[in-house]
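Residues per chain are reported as follows:
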Amino acid sequence: DPCSEQHGSRQPRSWLIFDVRQRMTFLRYFALGLFAVSFALPAFTPDRDSYTGWHCLKFCMRSLSEPGVRGAWKAYYLGFVGTNAAFCAVWVVRVFKAHRSWRASVVSILALIHVASWLVLNVADMERQGKLMVSYGYFLWLGAFLLLAIDCLRPSPTKRPNKAPEPTPRPVTIPAEP
């Protein structure tokens, strides 16, 4: 094909679609699914009440204006709003950026630590409360952050070249002298 000789070998356009799909791994979509589902499930169960992830997020957003929430607790609860936004931002970066971003890795690890700190605080308070007040929705939410952090720390797949490799040169034989 004269066109191939002039422009080199080309891959079909469908290769672009398949390559994008390969970068969007199952792990990322599973993390996003856990994240989304966790908001509809019970995440915090003090006494006989049960609060879904959405209720907890609303409480965290309202903590700025709540008179009962003071000082460092306001910043801590507001941090959960930022942590949820960070999850979405890091997820988008990981899906649409071909190589690993160190910023996304740092943000995902910090977000994971912040989310896990809620479990640590509740375990520490379990003796006083008589039970663990976090519920399975929280654990799915925590799992989503863990999977995203793992995805961010995984090495990026090696890129495949867009064109065929150069052919190896044929060995040259020198004729023997008579």
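These numbers come from a predicted model, not from an experiment.

Analysis parameters
Residues numbered from 1 in each chain as written. Predicted model: local features only at pLDDT ≥ 70, side-chain atom pairs only at ≥ 80, totals over all residues. Heavy atoms only, no water. Salt bridge = Lys/Arg side-chain N within 4 Å of Asp/Glu carboxyl O. Helix = DSSP H or I, 4+ residues; strand = E, 2+ residues; numbered from the N terminus. Buried < 20%, exposed > 50% of the residue type's maximum accessible area, 1.4 Å probe, protein only. Expected span 1.5 Å × (residues − 1). Contact = heavy atoms within 4.5 Å. Phe/Tyr/Trp six-rings, centres within 6.5 Å; stacked < 30°, edge-to-face > 60°. Core = buried A, V, L, I, M, F, W, Y, C linked by side-chain atoms within 4.5 Å. Disulfide = S-S within 2.5 Å. Arc of directions from axis to C-beta.

Participant: Can you help me understand the pattern of salt bridges in this one?
Facilitator: Between side chains of opposite charge, a pair can form when the charged atoms approach closely. Tallied over the full model, the rule gives three salt bridges. When the shortest N-O distance is used, the salt bridge between Arg28 and Asp151 registers 2.6 Å. Taken together, the residues span a long stretch of sequence, with Arg28 in helix H3 (residues 26–38) and Asp151 in helix H8 (residues 136–153) at a distance of 123 residues. When its relative accessible area of 6% is taken as the criterion, Arg28 is described as buried. Classification of Asp151 by relative accessible area gives buried; the value is 0%.

Participant: Just checking my understanding: could you explain helix H6 (residues 102–124) for this structure?
Facilitator: Since the α-helix turns once every 3.6 residues, residues separated by three or four places project in the same direction. Here H6 is 23 residues long and its end C-alpha atoms lie 33 Å apart, about the 33 Å a rise of 1.5 Å per residue gives. Along H6, the positions that sit buried rather than exposed are Ala104, Ser105, Ser108, Ala111, Leu112, His114, Val115, Trp118 and Asn122. Those residues of H6 that are buried are in contact with strand S1 (42–44), helix H5 (72–96), helix H7 (126–129) and H8.

Participant: Got a minute to help me understand the packing of aromatic side chains in this structure?
Facilitator: Two aromatic rings are characterised by how far apart their centres lie and by the angle between their planes. Under the criterion given, the structure shown has 20 aromatic pairs. Between Tyr76 and Phe80 the ring centres are 5.0 Å apart and the planes differ by 80°, which places this aromatic pair in the edge-to-face class. Here Tyr76 pairs with Phe80, and both are found in helix H5, just four residues apart, close to one helical turn. With relative accessibility at 15%, the residue Tyr76 sits in the buried group.

Participant: Looking at this structure, I do not really get the nonpolar core. What am I missing?
Facilitator: One recurring pattern in soluble globular proteins: nonpolar side chains tend to sit buried together. Ranked by size, the top nonpolar core spans 33 residues in total, and within it Trp118, Tyr138, Trp141 and Phe145 carry the most contacts. Mapped by element, the contributors of at least two residues to this core are H3, S1, helix H4 (53–62), H5, H6 and H8. Among the elements that line this core, the one with the most residues is H8, at nine residues.

Participant: Help me understand the state of the cysteines, please; the structure alone is not making it clear to me.
Facilitator: Working definition of a disulfide: a covalent bond connecting the sulfur atoms of two cysteines. Taken as a whole and assessed by the stated rule, the structure comprises zero disulfides. For the unlinked cysteine Cys56, the closest cysteine sulfur is that of Cys60, found at 6.8 Å.

Participant: Explanation requested: the environment of Val81 in the structure shown.
Facilitator: Position of Val81 among the secondary structure elements: in helix H5. With a relative accessible area of 22%, Val81 lands in the partly exposed category. As a C-alpha pair, Val81 and Leu57 span 24 residues in sequence and 6.6 Å in three-dimensional space. What Val81 contacts, discounting residues up to four positions off in sequence, is Leu57, Cys60 and Met61.

Participant: Would you explain H4 in this entry?
Facilitator: Of the residues making up H4, those classed as buried are Gly53, Leu57 and Cys60. The buried residues of H4 occupy an angular sector of 60° when projected down its axis, which confines them to one face. The elements touched by buried residues of H4 are H3, S1, strand S2 (51–52) and H5.

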